[in-house]
Amino acid sequence: MIDIQYSAEVRAAKQAGQPIVALESTIITHGMPYPQNVEVAAQVEQDIRDAGATPATIAVIGGKLHVGLEPEQLQRLGTAQGVAKISRADMAACIATGGTGATTVAATMIAAHFAGIDVFATGGIGGVHQGAETSFDISADLHELAQTPVTVVAAGAKAILDLAKTLEVLETLGVPVIAHGQDEFPAFWSAKSPLPAPLRMDTPEEIAKAHATRRALGLPGGQLVANPIPITDQIPAEELAPIIAAAQADAEAHRITGKDVTPYLLQRIFEKTEGRSLTANIALVRNNARLAAGIARALSDVA
């Protein structure tokens, strides 16, 4: 039996039947340096509170699954060394061996569903990497969306990926991809891409009703809500394209593979944009958190 360790805030919200939004923890351990990582995590949690929901940052600490972190736990995680980055394949092993791990999109979805949380806010999902036709490098996030019934709010898939192939795989897996407030699929740091979104919904209430309807129909899996970064915070796609291409060429030259590809590319893009990519990343995560809180509130009304 897995014993979930709830924070006092999340436990109280569950007992009162209040809306809760799950948050991943890799942004804390692998996304940015200390103390900025802890400051941003705390800010995103506060954004969710201000929007009328309760934040539940998820992590495995000392072999215990934590759903919601106390401030001191968040601080310790932000300074910890050697924290694993866990997904579906290694989450159980991390818990069983008493390890400490930060949850990716897939692992956060698993934990959220296990804890009875329907909505999860992140930055961008993983997807099909460039060159996947030979490397077979496809994120576990896509299959998780196909089988775990959690609504995931993200600014699309990370722009370093093959977005067209990512959308194709999501379609094959039967995952609804819903653009919020526009017809185009957003491209993470950029609000728009040349790719049309399969679905469009303009309000949290519509998205919440779609989630509840899938559940009523007995359909497996969740939905991806592609929420564009605010225009004032974006980096235009045409400006980013050569920067991403140069970062990918660097990764190939250094033979970076597997789990190391994404963090390497993000670091190179951070350097090549002189930090603007991280500023945009923070803005889009906060924007996603606010929308997720609205969906969670609307879902409480639907339920």
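Scroll up to find the structure this text is about.
Residues numbered from 1 in each chain as written. Predicted model: local features only at pLDDT ≥ 70, side-chain atom pairs only at ≥ 80, totals over all residues. Heavy atoms only, no water.

1. A short note on the side chain of Asn281
The residue Asn281 is located in helix α13 (residues 276-302) in this model. Discounting residues that sit within four places of it in the chain, Asn281 has contacts with Phe188 and Trp189. (Helix = DSSP H or I, 4+ residues; strand = E, 2+ residues; numbered from the N terminus. Contact = heavy atoms within 4.5 Å.)

2. A few points about unusual backbone geometry
Backbone torsion omega between Tyr34 and Pro35 reads 5°, so that peptide bond is classified as cis. Along the chain, the position of Pro35 falls in the loop between α2 (26-29) and α3 (36-50). The backbone phi angle of Arg255 is positive, close to 55°, even though this residue is not glycine. Relative to the assigned elements, Arg255 resides in the loop between α11 (237-253) and α12 (261-272).

3. Concerning the packing of α3 against α13
Packing of α3 against α13 brings their axes to within 8 Å, and their N-to-C directions diverge by 25°. One finds that α3 runs roughly parallel with respect to α13. Between α3 and α13 lies a crossing of right-handed hand. Only Leu278, Ile282, Val285, Arg286, Ala289, Arg290 and Ala293 of α13 make contact with α3, whose side of the interface consists of Gln36, Val40, Gln43, Val44, Asp47 and Ile48. Class assignment of the residues belonging to the contact of α3 with α13 gives a composition of eight nonpolar, two polar and three charged. (Axes fitted to C-alpha atoms, helices over the stretch in contact; angles between N-to-C directions. Parallel < 35°, antiparallel > 145°, perpendicular 65-115°, else oblique. Left-handed = near helix turned anticlockwise from the far one by under 90°. Nonpolar A, V, L, I, M, F, W, Y, C, P; charged D, E, K, R; others polar.)

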